[in-house]
Amino acid sequence: MKRACVTGGAGFIGSNLADQLARQGVHVVVVDDFRTGHRCFVETLLDLPNATLMEGDVLDQGLLERAFVDCDWVFHLQANADVRRGLEHPTRDLEQNTIATSHVLEAMRATGVRRIAFASTGSIYGEPRTFPTPEDAPFPIQTSLYGASKLACEGLITAYAVGFGFTGVICRFVSILGERYTHGHVVDFYRALHRDSSQLVVLGDGKQEKSYLYVQDCVSAILAATSAHKEEDGAFVYNLGTDETVILDDSVQLIARHLGCSPTVQHTGGKRGWVGDSPLIRLDTGRIRSLGWRPTLTIPEAIGRTLDWFDDHPEIVLGPVDPVATNSGFPVR
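The following refers to the structure shown. (Residues numbered from 1 in each chain as written. Predicted model: local features only at pLDDT ≥ 70, side-chain atom pairs only at ≥ 80, totals over all residues. Heavy atoms only, no water.)

Across its full length, the protein chain carries eleven helices and 13 strands. Here the protein chain has a C-alpha radius of gyration of 19 Å; the compact-globule value for 333 residues is 20 Å, and the two agree. When burial is assessed residue by residue, the protein chain has 55% of its 333 residues classed as buried. Contacts in the protein chain between residues far apart in sequence, at least 24 positions, make up 82% of those at least 6 positions apart. (Helix = DSSP H or I, 4+ residues; strand = E, 2+ residues; numbered from the N terminus. Rg over C-alpha atoms; globule rule 2.2 N^0.38 Å. Buried < 20%, exposed > 50% of the residue type's maximum accessible area, 1.4 Å probe, protein only. Contact = heavy atoms within 4.5 Å.)

Written out as structure tokens, the structure is:
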């Protein structure tokens, strides 16, 4: 791989991926409009001679075509990932996820780029009946607009793979933690306990069981999957996660212990914090492990690494706090 474009390359996962590609000698083109990405995440990257920023919206197909020129791969990570508030803005997931992916694919076709790695989500499984959930599990009813939009993206990618000879590597993530993480329940709890360490409100019953993956392990899995299929046409799907889970209330205790506090926890009740919040997420990762990939951190270690990064970057982390701290499943990626 000599040149690659990372959409959403100033975001949490995208910036970590862009850094790793650049370290491997790849010329990286970052596309980001900075609505949710952070300029500070790409400052060091853009000091390198093998990195370029194309600032703008992925709905701008002309911008994408300019960014994709001479690229071997497109890593499409840009997305709206706010699962919890999807019903408040019903068209946002359609526009920023599905339609944006259509623009990416058309820009690839226009510029002759035939390889795409796509950041999908474990949310597409809705509330499955099989655990750990394999890639070929039957899809139940979709429970979130976010998951539905990502499933539609997968459909487009697989259709382009068949129709135009593309290579599509689809990675279905669990929630990702680590350096530059700024969105989800771990940061919400951390912020809320900084505001008031004596109490914490948790949506649901606190017994939701989730899986998480350290961001550097996520990046290495994506690169392992793309390396395995760099010469093959078709669509290839991989679950990315660990073989363990964590109970939501246990993650609260890890955060509280890190901050040296003992809050009174109030649960709002019910098995779900909101519509689309799955009470159990555990993916079968045998397929990605068959490529020789293994996670390097456990879930508690990934949470700890994330909390250490929070401590070191209060200017980024201690921003506006939700009035009610959120539980897991936000986002399941």
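Take the sheet that holds strand β2 (residues 27-32) next. The strands that make up a sheet pair up through hydrogen bonds in the backbone, lying either parallel or antiparallel. Strand order in the open sheet made by the seven strands is β3-β2-β1-β4-β5-β6-β11, with parallel pairing throughout. Edge strands, defined here as strands with exactly one partner in the open sheet, are β3 (51-55) and β11 (234-240). Pairwise comparison of adjacent strand axes, ignoring direction, gives a mean angle of 20° for this sheet. As paired elements, strand β1 (residues 3-7) and β2 share five bridges and run parallel to each other. Opposite C5, over in β2, you have V29 as the bridge partner. (Pairing = 2+ DSSP bridges. Axes fitted to C-alpha atoms, helices over the stretch in contact; angles between N-to-C directions.)

Let us now look at the packing of helix α4 (residues 92-111) against helix α5 (residues 145-164). Relative orientation of the contacting elements α4 and α5 amounts to 15°, with a least axis distance of 8 Å. Between α4 and α5, the angle falls in the class roughly parallel. In terms of crossing hand, the pair formed by α4 and α5 is right-handed. Across the interface between the two elements, D93, L94, N97, T98, T101, S102, L105, E106 and R109 of α4 pack against L145, Y146, S149, A152, C153, L156, I157, Y160 and F164 of α5. Taken together, the residues of the contact of α4 with α5 break down into ten nonpolar, five polar and three charged. (Parallel < 35°, antiparallel > 145°, perpendicular 65-115°, else oblique. Left-handed = near helix turned anticlockwise from the far one by under 90°. Nonpolar A, V, L, I, M, F, W, Y, C, P; charged D, E, K, R; others polar.)

To continue, consider the layout of surface pockets. The space that makes up the second largest pocket amounts to roughly 190 Å³. Lining the second largest pocket, in full, are M1, Q24, D72, W73, R115, L223, T226, S227, K230 and E231. (1 Å grid on protein atoms, 1.4 Å probe; cavity = no way out; pocket = protein on both sides within 12 Å on 5 of 7 lines; lining within 4 Å. Points joined across faces, edges and corners; volume = space filled by probe spheres on them.)

Inspection of the secondary structure puts Q96 in helix α4. A relative accessible area of 16% places Q96 in the buried class. Each residue touching Q96, except ones within four places of it in the same chain, is listed here: R35, Q78, A79 and N80.

Here the focus is the pairing of strand β5 (residues 115-121). Every regular strand shows the same layout, with side chains that alternate between the two sheet faces. Counting buried positions along β5 gives six out of seven residues, so the element sits mostly inside the fold. Bridging between strand β4 (residues 73-76) and β5 involves three bridges; their strand directions are parallel. Paired with F75 across the strands is A117, a residue of β5. Alignment of β5 against strand β6 (residues 167-173), held across seven bridges, turns out to be parallel.

Here the focus is empty space enclosed by the protein. To find the voids left in a structure, one rolls a probe of water-molecule size over its atoms. Inspection of the entire model under this criterion finds three cavities of 30 Å³ or more. Of the volumes computed, that of the largest cavity is approximately 90 Å³. Around the largest cavity sit 16 residues that line it, and G122, G126, P128, S278 and I281 are the ones nearest its centre. Of the residues that constitute the lining of the largest cavity, the class distribution is seven nonpolar, eight polar and one charged.

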